[in-house]
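# Analysis of the macromolecular model
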Amino acid sequence: PTALSDIWTVGCLVIEQATGQPPGTHLRAANMNDMQLLVRIRNAYQETPSRLTDIPSTLSANARAFVSGCFHMIPLERPTSLKLLTHKWITMTLPSTPTHPANPVLLASNPSVRGPA
């Protein structure tokens, strides 16, 4: 694996966290292993280059843009991890409530975001 494949994996994690299913699940046939699924995803992209993998419409526009960058077919055109850390979806200010405090990782990496006092 390389840093470029790790960026792909970040997009996969966002989709899996949002949907509870890994990306490409809709392409999996019965008795298909993970490698066969990867080949099917690649072939689906070659047929429809505009959509490498289905990005859930339930994600916000910023989240979809974030994931779309992670899934760029040409690895060298994927954003770097530093670029992803400065993406609007990551740096936007999150509302903080007693039951849902602002993300401490985000607060630590972006001092301009203010969380609970």
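Model, not experiment: these values are computed from the prediction.

### Examining the overall build of the protein
Secondary structure assignment for the protein yields six helices and zero strands. Going from N to C terminus, the protein has its helices and strands arranged as α-α-α-α-α-α. For the protein, the residues scored as buried account for 26% of the 117 residues in total. Contacts in the protein between residues far apart in sequence, at least 24 positions, make up 43% of those at least 6 positions apart. Here the protein displays about 8100 Å² of accessible surface, and carbon together with sulfur accounts for 60% of that area.

### Focus on unusual backbone geometry
In the Ramachandran plot, Asn 31 falls in the positive-phi region, its phi being about 60° despite a non-glycine side chain. Here Asn 31 lies in the loop between helix H1 (3-19) and helix H2 (34-47).

### Let's talk about the side chain of His 87
Along the chain, the position of His 87 falls in the loop between helix H4 (81-85) and helix H5 (88-91). A distance of 2.9 Å separates the side chain of His 87 from the backbone nitrogen of Trp 89, its partner in a polar contact. Among all residues touching His 87, those that are not within four sequence positions of it are Asn 62, Ala 65 and Phe 66.

### A closer look at the state of the cysteines
Summed over the entire model, instances satisfying the criterion amount to zero disulfides. Of all cysteine sulfurs in the structure, the one in Cys 70 sits closest to Cys 12, which takes part in no disulfide; the separation is 8.7 Å. A relative accessible area of 0% means that Cys 70 is categorised as buried.

### Quick look at helix H3 (residues 61-70)
Buried residues of H3: Ala 63, Phe 66, Val 67, Gly 69 and Cys 70, and no others. Around the axis of H3, the buried residues are gathered within 160° of arc, so they sit on the same side.

### Regarding the nonpolar core
Counting residues in each nonpolar core, the largest one holds 12 residues, listed as Ile 7, Cys 12, Val 14, Ile 15, Ile 55, Leu 59, Ala 63, Phe 66, Val 67, Cys 70, Phe 71 and Leu 84. Breaking this core down by element, the ones donating at least two residues are H1 and H3.

What counts, and where the lines are drawn
- Residues numbered from 1 in each chain as written.
- Predicted model: local features only at pLDDT ≥ 70, side-chain atom pairs only at ≥ 80, totals over all residues.
- Heavy atoms only, no water.
- Helix = DSSP H or I, 4+ residues; strand = E, 2+ residues; numbered from the N terminus.
- Buried < 20%, exposed > 50% of the residue type's maximum accessible area, 1.4 Å probe, protein only.
- Contact = heavy atoms within 4.5 Å.
- Areas by Shrake-Rupley, 256 points an atom, 1.4 Å probe, with all protein chains shown as cover.
- Polar contact = N/O pair within 3.5 Å; in protein donor to acceptor, adjacent residues only side chain to side chain.
- Disulfide = S-S within 2.5 Å.
- Arc of directions from axis to C-beta.
- Core = buried A, V, L, I, M, F, W, Y, C linked by side-chain atoms within 4.5 Å.

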